[in-house]
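Inside the fold
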Amino acid sequence: MANNVKYVDVTDDTFRAEVLESSVPVVVDFWAAWCGPCRIIAPVIAELASEYEGRVKVAKMDVDRNQHTPIQYGVRSIPTLLFFQDGQVRDQLIGVVPKRRLAARMEAIAA
């Protein structure tokens, strides 16, 4: 499945171009390798990235390797999902959430 994952890894250096300047809405998953809840939600995010390909970009940011952006956006718990549209945060989810709830939020920004 790893070859079919439809998300982009973003860093502090690529965040502006990949997220803020994106022509489509973006969901950013702030995560870390040691985070159990992050590992639980990762397959759901990968599924939705494939389902919404072309309509919503899904990006992942490792908070251990990139600390500036999470601080800038007030990320204090992980996983945190920020939903960006036109360079602005439009929505946020924190923690493990059911796929249908995440899909509903993605649908809302994809419309």
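Scroll up to find the structure this text is about.
Everything numeric in this text was worked out from a predicted model, so none of it was measured. (Residues numbered from 1 in each chain as written. Predicted model: local features only at pLDDT ≥ 70, side-chain atom pairs only at ≥ 80, totals over all residues. Heavy atoms only, no water.)

1. Brief notes about the environment of Ser-77
- Positionally, Ser-77 belongs in the loop between helix H3 (68-72) and strand E4 (80-85).
- For Ser-77 and Glu-18, which are 59 residues apart along the polypeptide, the C-alpha to C-alpha distance reads 22 Å. (Helix = DSSP H or I, 4+ residues; strand = E, 2+ residues; numbered from the N terminus.)

2. Here we look at unusual backbone geometry
- Of the consecutive residues Ile-78 and Pro-79, the connecting peptide bond is found in the cis state with omega at 0°.
- Secondary-structure assignment places Pro-79 in the loop between H3 and E4.
- The residue Asp-86 is not glycine, and still its phi comes out positive at about 55°.
- Summarising the element assignment, Asp-86 is placed in the loop between E4 and strand E5 (88-94).
- Looking at Asp-86, the relative accessible area reads 66%, which means it is exposed. (Buried < 20%, exposed > 50% of the residue type's maximum accessible area, 1.4 Å probe, protein only.)

3. A few points about the environment of Glu-51
- By the secondary structure assignment, Glu-51 is in helix H2 (residues 36-51).
- Under the relative-accessibility criterion, Glu-51 is labelled partly exposed at 48%.
- Separated by 52 residues in the primary sequence, Glu-51 and Ala-103 have C-alpha atoms spaced 9.4 Å apart.
- Within the structure, Glu-51 has its side chain in polar contact with the side chain of Lys-99 (distance 2.9 Å). (Polar contact = N/O pair within 3.5 Å; in protein donor to acceptor, adjacent residues only side chain to side chain.)

4. Considering the state of the cysteines
- Summed over the entire model, instances satisfying the criterion amount to one disulfide.
- Between the sulfur atoms of Cys-35 and its disulfide mate Cys-38 the distance is 2.4 Å. Classification of the bridge connecting Cys-35 and Cys-38 rests on its S-S torsion, roughly 80°, and on that basis the disulfide is right-handed.
- In this structure Cys-35 comes out as buried when scored by relative accessible area, which is 3%.
- A residue is classified by how much of its surface remains accessible, and Cys-38, at 4% relative accessible area, is buried. (Disulfide = S-S within 2.5 Å.)

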